[in-house]
Amino acid sequence: MTRKKTDFWVVVVLLLSGSLFAYLIEARNITHGILFLGVPSVYLFFREKKNYRKIFWGVLLFGVIFGSIFDFFMTLNKVWDVTRLQIPYKLFGIWAIETVVGYSLMTLFILLF
């Protein structure tokens, strides 16, 4: 089996096991994100040498900045509302910081994969 196929199957197993574990412990937003996306991202991060500077800037630009702007306007216009917060603080009274962490984890996983 090639290296890419091995990585693919290891990531699939990590995603499924992280999702199952998060379901079993009834994880909430950030915990579920870390188990589902953080663990496979750590595996992919150390699996092969990558251009970490480009990954950092990509996560900062797309995950943090664009994700924050997108989420702020969606929450402001009541498209969605996060009510079960692990960090009980909302910026400007409407915007949950946890969503920025989620966007950052999703962007990191995509850029590493």
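Residues numbered from 1 in each chain as written. Predicted model: local features only at pLDDT ≥ 70, side-chain atom pairs only at ≥ 80, totals over all residues. Heavy atoms only, no water.

Novice: Just to check I follow, could you spell out the environment of Ile-65 for this structure?
Specialist: Position of Ile-65 among the secondary structure elements: in helix H3 (residues 52-76). Owing to a relative accessible area of 38%, Ile-65 belongs among the partly exposed residues under this scheme. Measuring from C-alpha to C-alpha, the distance between Ile-65 and Ile-94 comes to 17 Å, with 29 residues separating the pair along the chain. (Helix = DSSP H or I, 4+ residues; strand = E, 2+ residues; numbered from the N terminus. Buried < 20%, exposed > 50% of the residue type's maximum accessible area, 1.4 Å probe, protein only.)

Novice: Which parts of the structure should I look at to understand the pattern of salt bridges?
Specialist: Close approach of charged atoms allows side chains of opposite charge to pair. In the structure shown here, the tally under the stated rule is 1 salt bridge. Ionic pairing is found between Asp-7 and Arg-47, a salt bridge with its closest N-O pair at 2.5 Å. Here Asp-7 is found in helix H1 (residues 3-24), whereas its partner Arg-47 is found in helix H2 (residues 29-47), with 40 residues between them in sequence. Judged by its relative accessible area of 7%, Asp-7 is buried. (Salt bridge = Lys/Arg side-chain N within 4 Å of Asp/Glu carboxyl O.)

Novice: Sorry, what's going on with the packing of aromatic side chains here?
Specialist: The description of an aromatic ring pair uses the distance of the two centres, along with the angle that the planes make with each other. Taken as a whole and assessed by the stated rule, the structure comprises 8 aromatic pairs. Here Phe-8 and Trp-9 contribute two aromatic rings whose centre-to-centre distance is 5.0 Å and whose plane-to-plane angle is 80 degrees, an arrangement assigned as edge-to-face. The class for Phe-8 is partly exposed, based on a relative accessible area of 39%. Look at Phe-62 and Phe-66: their rings are 5.5 Å apart centre to centre, the planes differ by 65 degrees, and that puts the pair in the edge-to-face class. Residue Phe-62 and its partner Phe-66 are both found in helix H3; the two are separated by 4 residues, about one turn of the helix. Residue Phe-62 is classed as partly exposed on the basis of its relative accessible area of 48%. Among the aromatic residues, those joined into a ring-pair cluster are Phe-45, Phe-46 and Tyr-52. (Phe/Tyr/Trp six-rings, centres within 6.5 Å; stacked < 30°, edge-to-face > 60°.)

Novice: Any chance you could explain H3 here in plain terms?
Specialist: Since the α-helix packs 3.6 residues into each turn, any two residues three or four apart lie on the same face. Between its first and last C-alpha atoms H3 spans 34 Å; for 25 residues at 1.5 Å apiece the expected length is 36 Å, and the two agree. At Gly-67, H3 shows its strongest bend, of approximately 35 degrees. Burial in H3 covers these residues: Ile-55, Gly-58, Val-59, Gly-63, Gly-67, Ser-68, Asp-71 and Thr-75. The inward-facing, buried residues of H3 contact strand E2 (95-96) and helix H4 (98-112). Backbone geometry just after H3 places Lys-78 at a positive phi near 60 degrees. (Expected span 1.5 Å × (residues − 1). Bend = angle between axes of the 7 residues up to and from the residue. Contact = heavy atoms within 4.5 Å.)

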